[in-house]
Amino acid sequence: MIPSAFFSACRQFASALLLLITAASAHAAPKSYPYSIITTVGMVNDIVKNVAGGKANVTAIMGAGVDPHLYKPTRDDVAAMIRADVVFYSGLMLEGKMADTLVKVARNKPVFAVTELIDEKFLLEPPDFGGHADPHVWMDPGAWAKCVEAVGKRLAEFDPANAAAYLADATAYAAKCGELHAYGKKVLATVPETSRVLISSHDAFNYFGRAFGLKVMGVQGISTESEAGLQRINSLVDFIVANDVKAVFVESSVSPKNIEALVGGVKSRGKDLRIGGELFSDAMGAAGTFEGTYLGMLDHNITLVARALGGEAPKGGREGKLHDGR
Ligand SMILES: [Zn+2]
């Protein structure tokens, strides 16, 4: 459980950030090309890169396997943000330990949350997250398409001379998100109804579950900051045994120890439970691989979950590019 003082501090950061962003963004424009953009997580970096085209060098602070809930910016990260022309982050308190740095940087340059255009009505508010929205919106490709649109709009404002190109690139990329969404719906609908349960390390998959019709349960809560209690593990073991769940999933950016405890607990009750594979939740795969892109990361998650839960999906995923399918 996270103390309420934490949430109140975050709320203050959020409002301060909004004011500073409005003030700083009015005066900015690229001084030369390629200009420099710094992003926080890989998923944000990928969409910004796709929308910016060759007009900017886009660099992510967090690489593969890094947990954004826990990440504290280093001195080099802060220096890179101060040198950059524009900064994009995901928002909704995903980068919980970067809030004060983002506020400072936003005093002098445009700093944007890609989730800024998402309708509040769309957002999920899980009971254990202090009245705050669940930040894992990239898990629904339809919602991430909205974030792509926000990036297009902000870059068009920052660099009006190239506005048409940014908006066209954003539209083209958003269409790809739509195709991926349709693929996910199709293959996950082949999972037998009683097996449509996705259990993983932490609550990163609520939007994924809503988009694709799966019940979702995490061992840890929305943020990996709070430790999972023995009680949570025991209640999940009860659920798995009672519902005959066959597979659970580890996540690339979270320690597998809780999932291993679940497997051990279920086995001690005389049932078999296997680890269905590793999902990309809060970080993408290795740079230079298909899974190291947003579209590849989601294709991997959709395809792996569908296959592990007894559904039908091509091993190589929607585009035949997944590592296991090669
Ligand atoms: Zn998370």
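With respect to the overall build of the protein
Right, on to step 1. In terms of helices and strands, the protein carries ten helices and eight strands.
Right, on to step 2. Over its C-alpha trace the protein gives a radius of gyration of 20 Å, about what one expects of a compact globule, namely 20 Å for 326 residues.
Right, on to step 3. Relative to its 326 residues, the protein shows a buried fraction of 56%.
Right, on to step 4. In the protein, the share of contacts with a sequence separation of at least 24, taken over all contacts with a separation of at least 6, comes to 68%.
Right, on to step 5. Element-wise, carbon and sulfur atoms account for 54% of the exposed surface of the protein, whose accessible area totals about 14100 Å².
Right, on to step 6. Of the side chains in the protein, 33 bear a positive and 35 a negative charge, and the two mean positions are spaced by 1 Å.

Some words on the environment of glycine 42
Right, on to step 1. Looking at the secondary structure, you find glycine 42 in helix H2 (residues 42–52).
Right, on to step 2. Each C-alpha atom, one on glycine 42 and one on alanine 242, is 38 Å from the other, the two residues being 200 residues apart in sequence.
Right, on to step 3. Those residues within four positions of glycine 42 in sequence are excluded, and the remaining contacts are Met62 and Met284.

Things to note about the side chain of histidine 136
Right, on to step 1. By the secondary structure assignment, histidine 136 is in the loop between strand S4 (111–113) and helix H5 (141–158).
Right, on to step 2. Within the structure, histidine 136 has its side chain in polar contact with the side chain of histidine 69 (distance 3.3 Å).
Right, on to step 3. Apart from residues no more than four positions distant in its own chain, histidine 136 is found in contact with His69, His202, Asp203, Ala204, Tyr207, Ile222 and Asp282.

Observations regarding the coordination of the zinc ion
Right, on to step 1. Here the zinc ion is held by the protein donor atoms His69 (NE2), His136 (NE2), His202 (NE2) and Asp282 (OD), which lie 1.9 to 2.1 Å from it.
Right, on to step 2. Bound by four donor atoms, the zinc ion shows angles of 93 to 127° at the metal and therefore tetrahedral coordination geometry.
Right, on to step 3. Read N to C, the donor residues that coordinate the zinc ion are spaced as H-x66-H-x65-H-x79-D. Of the two residues, histidine 136 is situated in the loop between S4 and H5 and histidine 202 in strand S5 (residues 197–202); the sequence distance between them amounts to 66 residues.

So, the confidence of the model for the protein
Right, on to step 1. Per-residue confidence for the protein gives a mean pLDDT of 91, with 90% of residues at or over 70.
Right, on to step 2. Confidence over residues 1–10 falls short of pLDDT 50; this stretch has twelve contacts with residues more than four positions distant or in other chains.

Observations regarding the sheet that holds strand S2 (residues 56–60)
Right, on to step 1. The four strands are arranged S2-S1-S3-S4 in an open sheet whose pairing can be described as parallel. Sheet topology places S2 and S4 at the edges, where each strand pairs with a single neighbour. Neighbour to neighbour, the strand axes of the sheet diverge by 20° on average, direction disregarded.
Right, on to step 2. With five bridges connecting them, strand S1 (residues 35–39) and S2 associate as parallel partners. In the strand pairing of S2, threonine 39 is matched with alanine 60.
Right, on to step 3. Here H2 sits on the sheet in contact with S1, S2 and strand S3 (86–89), set at roughly 175° to S2.

Some remarks on the packing of aromatic side chains
Right, on to step 1. In this structure the tally under the stated criterion is eight aromatic pairs.
Right, on to step 2. Seen in terms of ring centroids, tyrosine 33 and tyrosine 35 are 6.0 Å apart; in terms of plane orientation they differ by 65°. Their pairing is edge-to-face.
Right, on to step 3. Accessibility expressed as a relative area gives 1% for tyrosine 35, which makes it buried.
Right, on to step 4. Ring pairs connect the aromatic residues Tyr33, Tyr35 and Phe158, which therefore count as one cluster.
Right, on to step 5. Cation over ring: arginine 210 sits above phenylalanine 122, and NZ or CZ is 4.4 Å from the ring centre.

Examining unusual backbone geometry
Right, on to step 1. Looking along the chain, the bond that leaves tyrosine 33 and enters proline 34 is cis, with omega of -10°.
Right, on to step 2. If you trace the backbone, proline 34 turns up in the loop between helix H1 (4–25) and S1.
Right, on to step 3. Even without being a glycine, methionine 93 presents a positive backbone phi close to 65°.
Right, on to step 4. Turning to its location among the elements, methionine 93 is positioned in the loop between S3 and helix H4 (99–105).
Right, on to step 5. Positive phi is not limited to glycine here, since aspartate 244 has a value of about 55°.

Rules behind the numbers
- Going along each chain's sequence as written, the residues are numbered from 1 onward.
- Note on the predicted model: pLDDT of at least 70 is required for a residue's local features to be given, and 80 or more for side-chain atom pairs to be given and counted; whole-chain, interface and lining totals, by contrast, use all residues.
- Each side-chain value is worked out from all heavy atoms of the structure, with water and hydrogens disregarded.
- Runs of E in the DSSP output that reach at least two residues are strands. Runs of H or I that reach at least four are helices, and both are numbered from the N terminus.
- Atoms considered for the radius of gyration are the C-alpha atoms alone. The globule rule reads 2.2 Å times the number of residues to the power 0.38.
- Burial classes: relative accessible area under 20% of the type maximum marks a residue as buried, over 50% as exposed, and values in between as partly exposed (1.4 Å probe, protein chains only).
- In this description, contact between two residues means that some pair of their heavy atoms is separated by no more than 4.5 Å.
- Note on areas: Shrake-Rupley, 1.4 Å probe, and residue coverage restricted to the protein chains presented here.
- Positive: Lys, Arg. Negative: Asp, Glu. His and the chain ends are not part of the count.
- Charge coordinates come from a single atom per side chain, which is NZ of Lys, CZ of Arg, CG of Asp or CD of Glu.
- In protein, a polar contact requires one atom able to donate a hydrogen and another able to accept it; more generally it is a pair of N or O atoms within 3.5 Å, and residues adjacent in sequence count only if both atoms are side-chain atoms.
- Water is not part of the atom set, so a site may look incomplete; the donors themselves are N, O and S atoms within 2.8 Å of the metal, or 3.2 Å for Na, K and Ca.
- Irregular is the default label, applied whenever a site is not tetrahedral (four donors, all angles between 85 and 135 degrees) and neither square planar nor octahedral (four or six donors, opposite donors over 155 degrees apart, all other angles between 65 and 115).
- What pLDDT reports is the predictor's confidence in each residue, on a scale of 0 through 100.
- Pairs of strands are assigned from DSSP output, requiring at least two bridges between the strands.
- Note on geometry: axes are C-alpha line fits, over the in-contact stretch for helices, and angles between N-to-C directions span 0 to 180 degrees.
- Two rings from Phe, Tyr or Trp (for Trp, the six-membered ring) form a pair when their centres sit within 6.5 Å of each other. Planes less than 30 degrees apart are called stacked, planes more than 60 degrees apart edge-to-face, and all others tilted.
- A ring is considered to have a charge above it if a Lys NZ or an Arg CZ atom is located within 6 Å of its centre and within 35 degrees of its normal.

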